[in-house]
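Coordinates in review
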Amino acid sequence: MVKPTPTTLLPRRWEPREYQKALWKYLERGGKRADVVAHRRWGKDDVALNWAAACATERPGAYWHLLPEASQGRKAVWDAVNPHTGLRRIVGHPDMERLAVGGCGGGAIQRVAGGD
């Protein structure tokens, strides 16, 4: 298990882009499931990661972000820089081997994994 560290945080200044706001508001109002069909670079990973981080502050637990292959998770999420903000999607001192990050809130862990 990854030990949470106070220096491992997702970017706090994130705000949904105009076309992401309807999805974000749906989730804020208690939406449990969202099936998003959108083009590449729409920001689906950004919304999902930041929603998981927001949930983790309310309810600590293990939050998984799954992609078809682990290499896609490393490339699209772990090592990625958001082209709209210039910020890395994952910052701090994450567990690079397990693709896990702690410290999202009181013992919460976010992990990127693949179905392979």
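Owing to the predicted nature of the structure, the values given are computational and were not obtained by experimental measurement.

Let's talk about the side chain of Q20
- Note that Q20 resides in the segment before α1 (21-28).
- For Q20, a relative accessible area of 0% corresponds to the buried category.
- Looking at Q20, its side chain comes within polar contact range of the main-chain oxygen of G43, at 3.4 Å.
- In contact with Q20, other than residues within four places in its own chain, are W14, W42, G43 and V47.

Structural notes on the nonpolar core
- With 6 residues, the main nonpolar core is built from W14, L23, W24, L27, W42 and V47.
- Examining the composition of this core, we find that 3 residues originate from one element, α1, more than from any other.
- Look past the residues within four positions of W42 in its chain and what remains in contact with it is R17, Y19, Q20, L23, V36 and V47.

Details of the packing of α1 against helix α2 (residues 44-58)
- Here α1 crosses α2 at 25°, and the two axes come no closer than 11 Å. Of the possible angle classes, the one that applies to α1 and α2 is roughly parallel. The handedness of the crossing between α1 and α2 is right-handed. Residues L23, W24, L27 and E28 of α1 pack against V47, N50 and W51 of α2.
- Residues that form the contact of α1 with α2 fall into these classes: 5 nonpolar, 1 polar and 1 charged.

Description of the confidence of the model for the chain
- Summarising the model, the chain shows a mean pLDDT of 74, and 69% of its residues fall at 70 or more.
- Per-element averaging of pLDDT across the chain places strand β2 (residues 100-102) at the bottom with 62 and α1 at the top with 92.
- Taken as a whole, residues 1-10 scores under 50 in pLDDT and shows 30 contacts with residues more than four places along the chain or in a different chain.

Some details on the pattern of salt bridges
- Per the stated rule, a full pass over the model turns up 2 salt bridges.
- As a salt-bridge pair, E18 and K21 come within 3.4 Å of each other at their nearest N and O atoms.
- E18 gets classed as exposed once you look at its relative accessible area, which sits at 62%.

Reading the values: the criteria
- Residues numbered from 1 in each chain as written.
- Predicted model: local features only at pLDDT ≥ 70, side-chain atom pairs only at ≥ 80, totals over all residues.
- Heavy atoms only, no water.
- Helix = DSSP H or I, 4+ residues; strand = E, 2+ residues; numbered from the N terminus.
- Buried < 20%, exposed > 50% of the residue type's maximum accessible area, 1.4 Å probe, protein only.
- Polar contact = N/O pair within 3.5 Å; in protein donor to acceptor, adjacent residues only side chain to side chain.
- Contact = heavy atoms within 4.5 Å.
- Core = buried A, V, L, I, M, F, W, Y, C linked by side-chain atoms within 4.5 Å.
- Axes fitted to C-alpha atoms, helices over the stretch in contact; angles between N-to-C directions.
- Parallel < 35°, antiparallel > 145°, perpendicular 65-115°, else oblique.
- Left-handed = near helix turned anticlockwise from the far one by under 90°.
- Nonpolar A, V, L, I, M, F, W, Y, C, P; charged D, E, K, R; others polar.
- pLDDT = per-residue confidence, 0-100.
- Salt bridge = Lys/Arg side-chain N within 4 Å of Asp/Glu carboxyl O.

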